[in-house]
Amino acid sequence: MSGPRVGPLPFAFLLALATEANSSPASLATDSKDNLQPGMLSGLLKLNGNPEFSIKSVDQLKNGETTTVVQYFPNFKNCVSGSWRNC
Amino acid sequence: MIDPRLIILQPTAYCNINCSYCYLRHRDDKRLMSREVVEALRDKIFCRLPPQSAPTVVWHAGEPTTAPVEWYEYAYSRLLDVAPHRTGFAMQSNGIAINERWIELFRRTNTNVSLSIDGPQRFHDARRRTRNDKPTWKLATKALKRLQGAGFDPSVITVLHPDGLEWPEDYYAFYRDHGITQISFSIDELEGANTTSSFAGRDFKTAMTAFLVAMLERAYRDDYPLNIREIERIAQRLAGVELSENEQVEPWAALVVAVDGSVSTFSPEFMEVRAPAYDNFVFGNILDGNLEDFAQAPAFLRADREVAQGIAACKKSCRYFAVCGGGSPVNKLSEKGDMAVTETDFCRLTTQTSADALLHFLAHHAPRSNKIMTPDPDLTRASTLGV
């Protein structure tokens, strides 16, 4: 991926970036019959202690004189983070 | 103490358009929520919310912009001063009536707006029609541009039908070209007034998953920050981020108050379901009682028991439970006639496909030497997506 970002980085993309950088053989281990587990991909975001992929909620991107604050998971309201799909 | 995370308020059941897949039974009813109901909302709900709570209040379930701006000005004047500080307000709209007056109201009340747009024009206009059978895509996208021009960043809900699944690139191009970065996909689902689903009779799980994978791949390749809400939620959960649980299976986590003061909970769409065994999921009326009273209603207790049985069954049998939490009771009842059951077509085509798409997307990006994830072979064959 390259080029400027114009909005919050989707978390799925953060995981993909981490996956591409992954040299550890354990992080993506799963099988289509295994139960999904909370945190099962958390290893992807702690690779080699690389802070780029650690879980963080806010980042500041400097672009010349301006600074853009990017929220990876903003203070999600229910219509953004909840299970119900109709709002 | 009640502490709902989601409060659905229905200023009116009326809708100014007539979508072919609409689940709202009362969309011809032009009544407005009365001042008495607003006062009851204030006294019996908003005044009693814990100060630290952060509910989302959504004007919904009908086209909310068919209620006058003045009605909202009154409602906000009665609710804002007693609502907890972190209360968020949102509106789900088809956008057709949104003009500068609405935008000023949204700005003044810090109300988030989500628009219902079914992607590219040909898919949207095929089903989202005016009451005179005219297309609505141009009107909806005009509202989108108007909101964006005023500094808003509306999220978009898109309802998918089988005929769209072969065209992920067209959908992606629509979102990208219109600057839409927050989307949620739903499906043409069997519930309420929508007595048939175009997904019935065939299994579209692989096709739906492939559609979502293609969306992710295209956006990732373009560095376009397309947030697909269902996938984002699952990605965060699998990465260990703490998220709220499924509000549809937790009594009173989602609270619905209809135009006449009727109160329901669990899936908000229950208000549209005819189910005498559960008193049509109307557990009381805010004009006549309190939520504590409604929580003792026999119909509520029966629903609560059966929803819990359904959760337990899901937990025992479904590999997706950790990212789902027990599904959608209204879809269980609508599809299976029973809330104590497990998998529905809705589960398969929404939560399951979102999880599968994410895992497939990540597997595709794993270094070649590290492809130890085993994606669905059918999906791999189906991924002739140009990605």
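Bear in mind the structure is a predicted one, so any value in this text is a computation, not a measurement. (Residues numbered from 1 in each chain as written. Chains lettered and ligands numbered in written order. Predicted model: local features only at pLDDT ≥ 70, side-chain atom pairs only at ≥ 80, totals over all residues.)

Trainee: When you look at the overall build of chain A in this model, what are you seeing that I'm missing?
Mentor: When helices and strands are counted, chain A shows 2 helices and 2 strands. Counting helices and strands in the order they occur from the N terminus, chain A gives α-β-β-α. Classification of the 87 residues of chain A by burial places 34% in the buried group. In chain A, the proportion of contacts linking residues at least 24 apart, taken out of those at least 6 apart, comes to 40%. (Helix = DSSP H or I, 4+ residues; strand = E, 2+ residues; numbered from the N terminus. Buried ≥ 20, exposed ≤ 12 C-beta atoms within 10 Å, placed from the backbone. Contact = placed C-beta atoms within 7 Å.)

Trainee: Mind showing me how you'd approach the nonpolar core here?
Mentor: Taken as a class, soluble globular proteins show a tendency for nonpolar side chains to be buried jointly. Counting residues in hydrophobic clusters, the biggest one holds 131 residues, and the most contacted among them are Ala 12 and Leu 15 of chain A together with Met 215 and Leu 358 of chain B. Not counting residues within four places of it along the chain, the set of residues in contact with Ala 12 of chain A comprises Leu 216, Ile 231, Glu 232, Ala 235, Leu 358 and Phe 361 of chain B. (Core = buried A, V, L, I, M, F, W, Y, C linked by C-beta atoms within 7 Å.)

Trainee: What should I look at first to understand the pairing of strand β8 (residues 254–257) of chain B in this one?
Mentor: Residues and elements named next belong to chain B. Residues Ala 254 and Val 256 line one face of β8 and the alternating positions Leu 255 and Val 257 line the opposite face, and both faces are buried. The pairing of strand β1 (residues 6–9) with β8 spans 4 bridges and is parallel. In the strand pairing of β8, Ile 8 is matched with Val 256. Judged from the 3 bridges that link them, β8 and strand β9 (residues 262–265) form a sheet pairing that is antiparallel. (Pairing = 2+ DSSP bridges.)

Trainee: Got a minute to help me understand the environment of Ser 317 of chain B in this structure?
Mentor: Tracing the chain through its elements places Ser 317 of chain B in helix α10 (residues 298–317). C-alpha of Ser 317 of chain B to C-alpha of Val 38 of chain B: the two residues are 279 residues apart in sequence and 43 Å apart in space.

Trainee: Would you mind showing me how to read the packing of helix α6 (residues 168–177) of chain B against helix α7 (residues 205–222) of chain B here?
Mentor: In a packed pair of helices, the relevant descriptors are the angle between the two axes and the axis-to-axis distance. All names here are of chain B. The interhelical angle for the contact between α6 and α7, taken along N-to-C directions, is 45 degrees, at an axis separation of 9 Å. One finds that α6 runs oblique with respect to α7. Crossing of α6 over α7 shows right-handed handedness. For the pair α6 and α7, the contacting residues are Pro 168, Glu 169, Tyr 171, Tyr 172 and Arg 176 in the first and Phe 211, Ala 214, Met 215, Arg 218, Ala 219 and Asp 222 in the second. Broken down by class, the residue content of the contact of α6 with α7 amounts to 7 nonpolar, no polar and 4 charged. (Axes fitted to C-alpha atoms, helices over the stretch in contact; angles between N-to-C directions. Parallel < 35°, antiparallel > 145°, perpendicular 65-115°, else oblique. Left-handed = near helix turned anticlockwise from the far one by under 90°. Nonpolar A, V, L, I, M, F, W, Y, C, P; charged D, E, K, R; others polar.)

Trainee: Any chance you could explain the pairing of strand β3 (residues 88–93) of chain B here in plain terms?
Mentor: The side chains of a regular strand alternate between both faces of the sheet. Residues and elements named next belong to chain B. When you tally the buried positions in β3, you get 5 out of 6 residues, the bulk of the element. Bridge count for strand β2 (residues 56–59) against β3 is 4 bridges, and the pairing is parallel. Note on β3: the bridge partner recorded for Thr 56 is Gly 88. Since β2 and β3 lie parallel, the crossover through helix α2 (residues 69–79) that links them has a hand, and here it is right-handed. For the handedness criterion, the β-α-β arrangement of β3, helix α3 (residues 100–109) and strand β4 (residues 111–116) is classed as right-handed. (Right-handed = clockwise from strand over helix to strand, strands pointing away.)

Trainee: I'm lost on the sheet that holds strand β6 (residues 182–187) of chain B in this one. Help?
Mentor: Adjacent strands of a sheet form backbone hydrogen bonds with each other and so pair up, either parallel or antiparallel. All names here are of chain B. As summarised here, the arrangement of the 10 strands in space is β7-β6-β5-β4-β3-β2-β1-β8-β9-β10, forming an open sheet in which the pairing is mixed. Looking at the sheet topology across the chains shown, the edges are occupied by β7 (227–228) and β10 (284–285). Examined bridge by bridge, β6 and β7 share 2 bridges and lie parallel to one another. Bridged to Gln 182 within β7 is Asn 227.

Trainee: Can you help me understand the confidence of the model for chain B in this one?
Mentor: The predicted coordinates of low-pLDDT regions are not to be read in fine detail. Residue and element names in this part refer to chain B. Confidence along chain B averages 93 in pLDDT terms, with 95% of residues attaining 70 or more. Ignoring residues within four places in sequence, the model shows residues 382–387, a span with pLDDT below 50, making 13 contacts including any to other chains. Confidence estimates for the predicted assembly give a pTM of 0.88 and an ipTM of 0.90. (pLDDT = per-residue confidence, 0-100.)

Trainee: How should I be thinking about the environment of Cys 22 of chain B in this particular structure?
Mentor: Residue and element names in this part refer to chain B. By the secondary structure assignment, Cys 22 is in the loop between β1 and α1 (35–44). With 17 C-beta atoms packed within 10 Å, Cys 22 lands in the partly exposed category. Along the primary structure Cys 22 and Gly 62 are separated by 40 residues, whereas in three dimensions their C-alpha atoms are 10.0 Å apart. If sequence neighbours within four positions are ignored, Cys 22 has contacts with Arg 27, Ala 193 and Asn 194.

Trainee: Help me understand unusual backbone geometry in this model?
Mentor: With the exception of glycine, most residues fall at negative phi, and the peptide bonds are largely trans. Residues and elements named next belong to chain B. Even without glycine at this site, Asp 223 takes up a positive phi of about 60 degrees. With respect to the secondary-structure elements, Asp 223 resides in the loop between α7 and β7. Among the residues examined, Asp 223 registers 14 C-beta atoms within 10 Å and is labelled partly exposed. Unusually for a residue other than glycine, Phe 281 sits at a positive phi of about 60 degrees. With respect to the secondary-structure elements, Phe 281 resides in the loop between β9 and β10.

Trainee: I'm lost on the environment of Phe 346 of chain B in this one. Help?
Mentor: Residues and elements named next belong to chain B. Counting through the fold element by element, Phe 346 comes out in helix α13 (residues 345–365). Measuring from C-alpha to C-alpha, the distance between Phe 346 and Ser 186 comes to 8.9 Å, with 160 residues separating the pair along the chain. Residues in contact with Phe 346, not counting those within four places in the same chain, are Ile 187, Glu 189, Ser 328, Asn 331 and Glu 335.

Trainee: Any chance you could explain the packing of helix α8 (residues 229–238) of chain B against α13 of chain B here in plain terms?
Mentor: Residue and element names in this part refer to chain B. At a minimum axis distance of 9 Å, the contact between α8 and α13 shows a crossing angle of 65 degrees. Both α8 and α13 take part in a crossing whose hand is right-handed. Mapping the contact onto sequence places Glu 230, Ile 231, Ile 234 and Ala 235 in α8 and Thr 350, Thr 351, Ser 354, Ala 355, Ala 357 and Leu 358 in α13. A breakdown of the residues in the contact of α8 with α13 according to their chemical character gives 6 nonpolar, 3 polar and 1 charged.

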